[in-house]
Amino acid sequence: MNYNKIPALTPPMGWNSFNSFDCSPSEALIKETADAFIANGLKDAGYEYINIDDGWMLPERDTDGSLVINPEMFPNGFKPLTDYVHSLGLKIGIYLGCGIRTYNEKAGSLGYEFKDAQAIAGWGFDYLKYDNREIEGEDPPRCCKSEYLKMALALKKTGRDILFSMCEHGKTEPWLWAYGVGQMWRTTPDIKNLWDGQLDTWALSFNTIVDRIADSTQPYGGTCRWNDPDMLIVGMYKWNDWTGPGCTDAEYRAHFSLWCLMASPLIIGCDVRKLNDVTKATLTNKNLIAVNQDILGIGAKRIRSAEGIDVWVKPLSDVSWAVGLYNRTCVAANISVNWEELNLPASLCCSVKDLWTDKELGVFERGITLKVDSHAMDVIKITPAF
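Residues numbered from 1 in each chain as written. Predicted model: local features only at pLDDT ≥ 70, side-chain atom pairs only at ≥ 80, totals over all residues. Heavy atoms only, no water.

(A) View of the overall build of the chain. Each helix and strand in the chain was counted, giving 10 helices and 16 strands. Relative to the compact-globule value of 21 Å for 386 residues, the chain shows a C-alpha radius of gyration of 21 Å, a close match. Counting only C-alpha atoms and orienting by the principal axes, one finds that the chain spans roughly 75 × 40 × 40 Å. Evaluated residue by residue, the chain yields a buried proportion of 57% over its 386 residues. Across the chain, the fraction of contacts at a sequence separation of at least 24, relative to all contacts at a separation of at least 6, is 69%. Side chains of the chain give 38 positive and 50 negative charges; the mean places of these two sets differ by 3 Å. (Helix = DSSP H or I, 4+ residues; strand = E, 2+ residues; numbered from the N terminus. Rg over C-alpha atoms; globule rule 2.2 N^0.38 Å. Buried < 20%, exposed > 50% of the residue type's maximum accessible area, 1.4 Å probe, protein only. Contact = heavy atoms within 4.5 Å. Lys, Arg positive; Asp, Glu negative; His and termini not counted. Charge placed at Lys NZ, Arg CZ, Asp CG, Glu CD.)

Quick look at the structure:
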């Protein structure tokens with residue numbers, strides 16, 4: 001049964017406040033970010049959601065059980081803010097905690113699901129990130145699946161179209177059960193601003209995340225049901241010690257390439273008010289976004305992974321393939337893809353286009369080999385010349 005009727009025919013695209021601003025969102029920040037969406041061409045590229053994360057509410061509810069907006073962060077409440085974002089042709093999202101308290105020790109929605117859903121609908125929100133926190137020794141007996149279903153029903157009852165982003169960090173394997181409950185679900189712990197390795201036991205680098213989900217979650221994503229391996233770290237550089245040491249521009253392009261190939265939601269985490277030209281070019285690359293937003297909705301499959309070299313293949317709706325050639329090693333490497341790996345005749349002629357540079361590479365038989373820089377991913381489009 002489809003409990004939440006909002007269509008999400010392609011992966012959602014937008015921005016979230018958490019990676020750069022932790023639990024300190026504000027009215028001024030959200031307005032400035034919405035303005036930056038317009039000024040930096042993000043709206044024109046397809047990004048539409050401006051999402052407020054944890055920290056916006058007070059720790060306690062008021063006397064009638066309602067959530068209380070932090071008056072210092074949002075002195076005018078939410079309705080004028082949502083109206084402003086909507087006036088720019090954008091949408092706006094909000095955060096609630098699935099539990100007693102949020103990770104920022106604010107009031108959670110456990111037992112108040114219908115009340116809180118009605119509140120965010122009345123304020124004019126279009127997107128809900130529902131973040132599960134279990135507190136050992138304090139929580140009553142809980143069923144995570146039932147609680148997400150309850151919030152889905154609460155959102156439906158409001159009568160407002162609110163996209164439901166389920167964030168239980170992949171603990172209950174939501175890719176197996178959440179279709180029809182939400183439109184997207186986290187498959188992993190939090191991502192860090194780190195190319196490889198691990199900062200702690202919970203937060204992961206994007207390479208670690210990719211390895212964790214490559215063979216488990218990818219077969220279950222698709223139209224209206226999107227696997228979410230957390231937001232983009234593209235363009236964060238060395239933001240602070242908490243988020244991680246940062247990556248190179250080539251590593252950020254590889255990260256963006258992978259999320260586009262996997263048909264993951266593209267939720268920006270950097271401060272879009274301060275984009276440099278390289279980051280802007282990465283986030284707005286029309287060819288890679290077209291791969292991500294392809295209406296066929298199939299995420300890429302990793303067909304080969306050995307000695308630091310990965311090959312990812314994503315079928316597209318125009319009877320072509322997007323292929324990612326990923327070099328994780330510390331030196332440049334030649335990476336090949338053969339037509340037989342795409343289930344095509346080896347003798348078939350195929351045109352090949354470099355999607356990052358937007359250049360046609362020519363027509364090839366049997367396959368193609370490209371030299372790929374260290375810690376980089378080249379993405380090519382292979383189209384049979386029938």
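Continuing now.
(B) Broad picture of helix 8 (residues 249-261). Taking 1.5 Å of rise per residue, 13 residues should cover 18 Å, and helix 8 covers 18 Å from first to last C-alpha, within 8% of that figure. Of all 13 residues making up helix 8, 10 are buried, and the element is well covered by its neighbours. Restricting attention to buried positions, one finds in helix 8 the residues Glu251, Tyr252, Ala254, His255, Phe256, Ser257, Leu258, Trp259, Cys260 and Leu261. In the stretch just after helix 8, alanine 263 is the one whose phi turns positive, near 60 degrees. (Expected span 1.5 Å × (residues − 1).)

(C) Molecular detail of the packing of helix 7 (residues 206-213) against helix 8. Taken N-terminus to C-terminus, the directions of helix 7 and helix 8 make an angle of 25 degrees; their axes are 11 Å apart at the nearest point. With respect to each other, helix 7 and helix 8 are oriented roughly parallel. Taken as a pair, helix 7 and helix 8 cross one another with a handedness that is left-handed. Here Phe206, Ile209 and Val210 of helix 7 come into contact with helix 8, specifically with Glu251, His255, Leu258 and Trp259. When grouped by side-chain class, the residues that make up the contact of helix 7 with helix 8 number five nonpolar, one polar and one charged. (Axes fitted to C-alpha atoms, helices over the stretch in contact; angles between N-to-C directions. Parallel < 35°, antiparallel > 145°, perpendicular 65-115°, else oblique. Left-handed = near helix turned anticlockwise from the far one by under 90°. Nonpolar A, V, L, I, M, F, W, Y, C, P; charged D, E, K, R; others polar.)

(D) Region of the structure containing the nonpolar core. One finds Tyr47, Trp56 and Phe256 to be the most contacted residues of the largest nonpolar core, which totals 88 residues. If you tally residues by element for this core, the top one is helix 8, at seven residues. In contact with phenylalanine 256, not counting residues within four places along its chain, are Tyr47, Leu232, Val234, Leu266, Thr282, Leu283, Leu288, Ile289 and Trp356. Counting 21 residues, the second-largest nonpolar core is a separate cluster that includes Ile309, Val323, Val337 and Ile382. (Core = buried A, V, L, I, M, F, W, Y, C linked by side-chain atoms within 4.5 Å.)

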